[in-house]
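Fold and geometry: a report
Chain by chain, the residues:
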Amino acid sequence: MAEKILEVQNLKKTFLSGKKSFTAVEDVSFFLNAGEVLGIVGESGSGKSTVAKMITHLTDITDGKIFFLGKDITHAKGKALRETYRELQMVFQTPAGSFDPRCTIGDGMGESLRNMGISKKETRNRVEKLLLTCGLTPEYADRYPHQVSGGECQRAAIARALALEPKVLICDEATSALDVTVQKQIMELLMKLKKEKQLSFLFICHDLALVQMFCDRVIVMHDGHVEEEGTPEEIIENPKTEYTKRLIESVL
Ligand code: ADP
Ligand code: MG
């Protein structure tokens, strides 16, 4: 049986502003097997990013549970949280925003390694190797974020996410801000990484062509809940609900 690497059960998120409250995510459950790519699709505002942020503890969880390799990490803190997040890394839509504009790309990439007590020299070695893995030359380590293109910056952001050798990469619209040819190159990089590093992916994307190309399974989100689940073929060729039908028609 496949090993469940990540599982969420009945996730819920309610945002409070003043006296008003808004539930953005409700009763969301799914799992990700080791080596698998699970896509999350759904129109803008359906709660995809909120789910990703709850998993990575970037936002509080209102209710529900998160398991990583069978361990309940819902309320993990301190060392336990840090250890989990070595294995669970996120890549965002806007690559520039993931680097501090005052630091070089190499310093940004090496920060987590330095924090672990790895020497300056060894960190530099690893940063250069990671840049090469992600299709950039080592000299990119000395550039600042504003000195690289969007595609190069996303490569560097992926390289940084790989620094601590994670088991899971959560990509939240990681290619949406890039033009089509660059998007294709980043997808090729992700597919290469999946093969070479046995990574599992949570792949949040509104582009169904990319989802079809990359994902093993897909969940469709609608207004904060899971509308349906299946293989990309099942979802695209035989959608069960009107919402999914409309979603597919709107993008194909
Ligand atoms: P998606 O990623 O699918 O486009 P999001 O998860 O970003 O959707 O947002 C889901 C819903 O939650 C949206 O209606 C959004 O406006 C709302 N939302 C997201 N973040 C916040 C926040 N910090 N405060 C209040 N509402 C939020
Ligand atoms: Mg989003």
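None of the values given here were measured: they were computed from a predicted structure.

What follows concerns the side chain of T84. Inspection of the secondary structure assignment puts T84 in helix α2 (residues 78-87). Leaving out residues up to four positions away in the same chain, T84 has contacts with F68 and I73.

Despite not being glycine, L69 shows a phi value in the positive range, around 50 degrees. Within the fold, L69 resides in the loop between β4 (63-68) and β5 (71-72). Backbone geometry at E173 places phi at a positive 50 degrees, although glycine is not the residue there. Note on placement: E173 falls in the loop between β7 (168-172) and α6 (180-197).

Our next topic: helix α1 (residues 48-55). Within α1, 6 of the 8 residues are buried, which leaves the element mostly enclosed by the surrounding structure. Along α1, the residues classified as buried are K48, T50, V51, A52, M54 and I55. Just downstream of α1, H57 is the residue with a positive phi angle, here 60 degrees.

Close to ligand 1 lie F15, F22, A24, E43, S44, G45, S46, G47, K48, S49 and T50, which account for all nearby residues. In this structure, S46 approaches ligand 1 through a main-chain N or O atom, which is 3.2 Å from an oxygen atom. Taking K48, its side chain carries an N or O atom lying 2.8 Å from an oxygen atom of ligand 1. For ligand 1, the protein covers 58% of the area, taking 570 Å² as the surface of the free molecule. Contributions of two or more residues to the shell around ligand 1 are made by β2 (20-33) and α1. If you tally residues by element for the shell around ligand 1, the top one is α1, at 3 residues. Residues that form the shell around ligand 1 fall into these classes: 3 nonpolar, 6 polar and 2 charged.

The biggest cluster of nonpolar side chains holds 51 residues, and the ones touching the most others in it are M109, I158, L162, L190, F201 and F203. Ranked by residue count, the leading element in this core is helix α5 (residues 150-162), at 7 residues. The contacts of F201, once residues within four sequence positions are left out, are L32, E36, V37, L38, L169, C171, L190, K194 and F214. In terms of nonpolar packing, the next biggest core, distinct from the first, is built from 28 residues, L11, A52, I73 and A76 among them.

Procedures and definitions
Residues numbered from 1 in each chain as written. Chains lettered and ligands numbered in written order. Predicted model: local features only at pLDDT ≥ 70, side-chain atom pairs only at ≥ 80, totals over all residues. Heavy atoms only, no water. Helix = DSSP H or I, 4+ residues; strand = E, 2+ residues; numbered from the N terminus. Contact = heavy atoms within 4.5 Å. Buried < 20%, exposed > 50% of the residue type's maximum accessible area, 1.4 Å probe, protein only. Near = heavy atom within 4 Å. Polar contact = N/O pair within 3.5 Å; in protein donor to acceptor, adjacent residues only side chain to side chain. Areas by Shrake-Rupley, 256 points an atom, 1.4 Å probe, with all protein chains shown as cover. Nonpolar A, V, L, I, M, F, W, Y, C, P; charged D, E, K, R; others polar. Core = buried A, V, L, I, M, F, W, Y, C linked by side-chain atoms within 4.5 Å.

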